[in-house]
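Take a look at the letters that make up each chain.
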Amino acid sequence: MRCGRALLNCLLLQALFCSFTWADMVVDGVLDEPEWQSAQSFSNFVTTEPLTSEPAKYQTEALVYTNSEGIYVGFRNAQPPDAKRVQRRFARDAFILADRNFVGIDFDGSGLSGYDFTVGAANTRQDGIYNNEKNYSGDWDGNWTSQTSQDDDYWYVEMYIPWTVAPMTNPEGARKQMKFYFGRYVFDESLRFAWPNASAARPTFLSDWAPVSVDHVATSTFDWFPYVSAGQDLEENDGELRAGLDVIWRPNTATQFTGAINPDFGQVEADDLVLNFSALEVFFAERRPFFTENQALFRSEVPNGDRLVHTRRIGAASDAGDDTVTDIDLAAKLSHFGERLDLGFFAVTEDDNALGDGGDYLSTRIQTRLGDAVLGHSLTYADRSTLSRKALVNSLDLDWQSAGEYRLRGQLFYSDVEQEANDLNDNTALKQSDAGGWGQWSYAPSDEWRSNVTAYYYGDEFEMNDLGFLKRNDWLRVTADVRHDVYSYAPSSSQLSGRYSAKLSYEENNAGDSLMKGLDLQRQWVLRSTREFSLQIHVETSAYDDLITRGNGLLKRDAQQSFSFSYLNPRGNDFTFQLQYVAETKGTDKFAHEFIVSPQYYLADTVTIGGRLSYTWFDEWLLWDFDSEQLATYQSELLDVDVRLDWFPTSRQEVRVKLQWLCVESDALQGYGLDDGGRLDPSARPVADFKLSDLALQVRYRYEIAPLSEVFLVYNRGGFWDENDSGVTPVGLAENAWNNVTVQSITAKVRYRF
């Protein structure tokens, strides 16, 4: 306890007296240092949204200068007084709904991954990683900084990106060939400019980045990040003080080792509440620093959203059945990038507790480049000793691209699971192995046309949920889609761009039961006023549902349909909103109707209040009733309220208030069994009405001491109520959830980079 307090005092003193300088460059948003005069300049920006490739409407210049410290990037953005500047401030890594500049850097020029550095006009920072040409993930957080400034006719961005921000190969000489992408977004006019002429709308986005030769200095660093956190459970009147250490060692720019001792893997950003009555698991994104920093090598996503590595499995609720988050003892991660071969591994050991032993997790990755192709192998291993369960998954993947028009990529999996029977796994012994995989063929003859054919197959006993994310096995799916974009309209037209798309889908299980034959049609309009409209229609023929009964037979479902319409008002206004209407069948032939409004009001550039309100009416909602162990229909109302307030007192301070409430009122209509053909067969067994209310509140304060060094103060409160009381009003449901507290805590955390 004393050690933790002493460390906290040390970190606070460091925060008070620290200052930041980088050689002779001062990152202040004013490009007045002499070094900028000799910087490389790029100014032939073209329009990439809409994707016309015409010269940019407003002059934009990007500058690049390198020295022993790292890469400096500057922007000069011409924007006359009569062109509205949107300079809203947002939280770190939030999507920036404002004017902004972005820099993409492929540090090795390989086309495998590119790092994105985005800065808004109010100096909001966002970063992430592109891989598989245009798949973007905002999970990665880098150690870099920026500043902005403006005058009457221009606004400016200045960025500093250290050499150690990401692993990269070491060049043979003093010059290094990288690939760059510079961009600018004029938010009020929905215009995007870029140099070179690269766009994420193309399947060759990463490959289209431009080679740029820069001076390179080999560096080595050793950073350590001690942390102290103090938490108080206000319901149990129980407090905890924790301290730990993260270290990052880069012996050279090609290699990075990350280690953690007694890491704090608790989240200071709450997950959204989700109401899920389906048989499929809901995916939640990773937010913990150890698993978001330097994680690009281990990313392995399937086009349908499945993942070989899903790090939220680690440090989750105990396998013994307790909801308490499992602590971590040790964690380590290593990555190395070579000229043709990249290697990586990470390993995590969970702590034991009174209920059971923690698990051990391992993942490895190796990939090599062969001409236009990239070949890779990944392995995951999970030892969940509480369940006497061990799971191993091997994966081979290929990504081949030719001439920018054709692309073939895919992945093969093989899983091997062994489990000995014990009381905590329902005395179930397992020894199963199976395979799975997917493949995709893409063809894009022009910017206006593109198509894909994708196929998936998962065996009956294929399993990768011990360290991955797999929605289901026993599955075959084939899709074919085509998209046509229109980017050029007459100057007199009110339309800026448009899109047509169509998709055919077929699914079955491995027994040959047809699960879905569907058609999707979509039309989108973007107007010069930045208003947006979209229409979508989905139809399915009659098919089987093999999951809804939770293993109690195949449901023969009627044909299903859905229709949706959305409208987005001009984005540059102080008050913006999106309206959406959805009509869809939910297992029967009757429609559910959902109305969604998402308002956003910018009280000032530093204060925003907004959220989302959704109301759904179900005439006949088909669900599995666990109490009576049968299917049942309900007449239901569902309300989802999400309110958020963001305030940024200074560029380093954030205050967020987040309130979410889910409410369901369901009146039982009829219980059902299944007849010999799998059709719904009315049952005499009674079905009960149900009501539930789930509420969560978070108040969070964040202060950024420096990049990757920050202070958090967080208050969390959650409540849940689930009973059948016909006299309770919606307001009463909210009060019941608020009063029936499931969690209430205060947490303070300091993490500092030395």
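Below you will find a few notes about this structure. (Residues numbered from 1 in each chain as written. Predicted model: local features only at pLDDT ≥ 70, side-chain atom pairs only at ≥ 80, totals over all residues. Heavy atoms only, no water.)

**Observations regarding the overall build of the protein**
Scanning the protein for helices and strands turns up three helices and 40 strands. The C-alpha atoms of the protein give 27 Å as radius of gyration, which agrees with the globular expectation for 754 residues (27 Å, within 12%). In the protein, which comprises 754 residues, the share counted as buried stands at 51%. Residue pairs in contact within the protein that sit at least 24 positions apart in sequence constitute 60% of those at least 6 positions apart. Working note: accessible area of the protein is about 32,800 Å², and carbon and sulfur atoms make up 53% of it. Positive and negative side-chain charges of the protein, numbering 67 and 113 respectively, have mean locations separated by a distance of 5 Å. (Helix = DSSP H or I, 4+ residues; strand = E, 2+ residues; numbered from the N terminus. Rg over C-alpha atoms; globule rule 2.2 N^0.38 Å. Buried < 20%, exposed > 50% of the residue type's maximum accessible area, 1.4 Å probe, protein only. Contact = heavy atoms within 4.5 Å. Areas by Shrake-Rupley, 256 points an atom, 1.4 Å probe, with all protein chains shown as cover. Lys, Arg positive; Asp, Glu negative; His and termini not counted. Charge placed at Lys NZ, Arg CZ, Asp CG, Glu CD.)

**Digging into the nonpolar core**
Nonpolar side chains in soluble globular proteins tend to be buried together. If you look at the biggest cluster of nonpolar residues, it comprises 38 residues, and the most contacted ones within it are F107, F117 and F182. The set of elements that each furnish at least two residues to this core consists of β3 (60-66), β4 (70-78), β5 (100-106), β6 (113-120), β10 (154-162), β11 (175-186), β12 (191-195) and β13 (210-215). Apart from the residues lying within four places of it in its own chain, the contact partners of F107 are I71, Y115, F117, V165, A166, M168, K176, Q177 and M178. In terms of nonpolar packing, the next biggest core, distinct from the first, is built from 27 residues, I328, A331, F337 and A382 among them. (Core = buried A, V, L, I, M, F, W, Y, C linked by side-chain atoms within 4.5 Å.)

**Regarding the sheet that holds strand β9 (residues 145-150)**
Picture the strands of a sheet paired through backbone hydrogen bonds; they go either parallel or antiparallel. Pairing in this open sheet of five strands is antiparallel, and the strands run β1-β3-β4-β10-β9 from one edge to the other. Each edge of the open sheet carries a strand with a single partner, namely β1 (40-42) and β9. Here the strands of the sheet are splayed against their neighbours by 15° on average, with no regard to which way each runs. Here three bridges tie β1 to β3, and the two strands are oriented antiparallel to one another. Across the sheet, F42 pairs through a bridge with A62, a residue of β3. (Pairing = 2+ DSSP bridges. Axes fitted to C-alpha atoms, helices over the stretch in contact; angles between N-to-C directions.)

**Describing the pattern of salt bridges**
Applying the stated criterion across every chain, the model contains 45 salt bridges. Measuring nitrogen to oxygen at the nearest pair gives 2.7 Å for the salt bridge that ties R384 to D466. With a gap of 82 residues between them, R384 in strand β20 (residues 373-384) and D466 in the loop between β24 (449-458) and β25 (475-486) connect regions that are remote in the sequence. As far as the burial class goes, R384 and D466 line up, both buried. Residue D646 pairs with R656 through a salt bridge whose shortest N-O separation is 2.7 Å. In this pair, D646 is assigned in strand β35 (residues 630-647) and R656 in strand β36 (residues 653-674), connecting sequence segments 10 residues apart. In this pair, the class of D646 matches that of R656, namely buried. (Salt bridge = Lys/Arg side-chain N within 4 Å of Asp/Glu carboxyl O.)

**Describing unusual backbone geometry**
E49 connects to P50 through a cis peptide bond whose omega is 0°. Positionally, P50 belongs in the loop between β2 (46-49) and β3. Along the chain, W195 connects to P196 via a cis peptide bond; the corresponding omega equals 0°. Along the chain, P196 falls in the loop between β12 and β13.

**So, the packing of aromatic side chains**
Inspection of every chain in the model, using the stated rule, returns 42 aromatic pairs. Measuring from ring centre to ring centre gives 6.4 Å for F533 and F565, while their planes differ by 35°; the resulting arrangement is tilted. Remark: F565 occurs in strand β31 (residues 560-568) and F533 occurs in strand β28 (residues 532-540); sequence separation between them is 32 residues. Residue F533 is classed as partly exposed on the basis of its relative accessible area, which comes to 26%. Under the relative-accessibility criterion, F565 is labelled partly exposed at 31%. (Phe/Tyr/Trp six-rings, centres within 6.5 Å; stacked < 30°, edge-to-face > 60°.)

**Focus: the pairing of β5**
Burial runs high along β5: seven of the seven residues are buried. Alternating positions in β5 separate into two faces, R100, F102, G104 and D106 on one and N101, V103 and I105 on the other, with burial throughout. Here six bridges tie β5 to β6, and the two strands are oriented antiparallel to one another. Each residue of the ladder has a partner; that of I105, found in β6, is Y115. Strand direction decides the pairing type here: β5 and β11, joined by seven bridges, are antiparallel. The residue bridging I105 from the neighbouring strand is F180, located in β11.

**Thoughts on a nonpolar patch on the surface**
A contiguous nonpolar patch, built from L370, L375, L398, Y406, L408, W441, V453 and V478 and spanning about 640 Å² of accessible area, is present on the exposed surface. Take L408: it is sitting in strand β22 (residues 406-419). Residue L408 is classed as partly exposed on the basis of its relative accessible area, which comes to 33%. (Patch = residues over 30% accessible without salt bridge, like charges linked within 9 Å, V, L, I, M, F, W, Y side chains within 5 Å.)

**Some remarks on the side chain of D106**
Within the secondary structure layout, D106 lies in strand β5. For the buried D106, which has no salt bridge, the nearest side chain bearing the opposite charge is K179, at an N-O separation of 5.7 Å. At 2.7 Å, the side chain of D106 and the backbone nitrogen of G111 are in polar contact. In contact with D106, other than residues within four places in its own chain, are G111, L112, S113, G114, M178, K179 and W209. (Polar contact = N/O pair within 3.5 Å; in protein donor to acceptor, adjacent residues only side chain to side chain.)

**What about the side chain of S614?**
Among the structural elements, S614 can be located in strand β34 (residues 607-625). There is a polar contact of 2.8 Å between the side chain of S614 and the side chain of E594. If we skip the residues at most four places from it in the chain, S614 touches E594, F595, I596, L638, L639 and D640.

**Section: the environment of R288**
Tracing the backbone shows R288 in the loop between β16 (255-261) and α2 (289-292). R288 gets classed as buried once you look at its relative accessible area, which sits at 4%. Along the chain, R288 and N131 lie 157 residues apart, while their C-alpha atoms are 20 Å from each other.

**A closer look at a negative patch on the surface**
Side chains of D329, D352, D357 and D360 sit close together on the surface and give a patch of like negative charge. Inspection of the secondary structure puts D360 in strand β19 (residues 360-370).

**Brief notes about the environment of N276**
Within the fold, N276 resides in the loop between β16 and α2. Owing to a relative accessible area of 35%, N276 belongs among the partly exposed residues under this scheme. Along the chain, N276 and G436 lie 160 residues apart, while their C-alpha atoms are 26 Å from each other. If sequence neighbours within four positions are ignored, N276 has contacts with E281 and V282. Polar contacts involving the side chain of N276 include one to the side chain of S278, which spans 2.7 Å. One polar contact links the side chain of N276 to the main-chain carbonyl oxygen of L280, over a distance of 2.8 Å.

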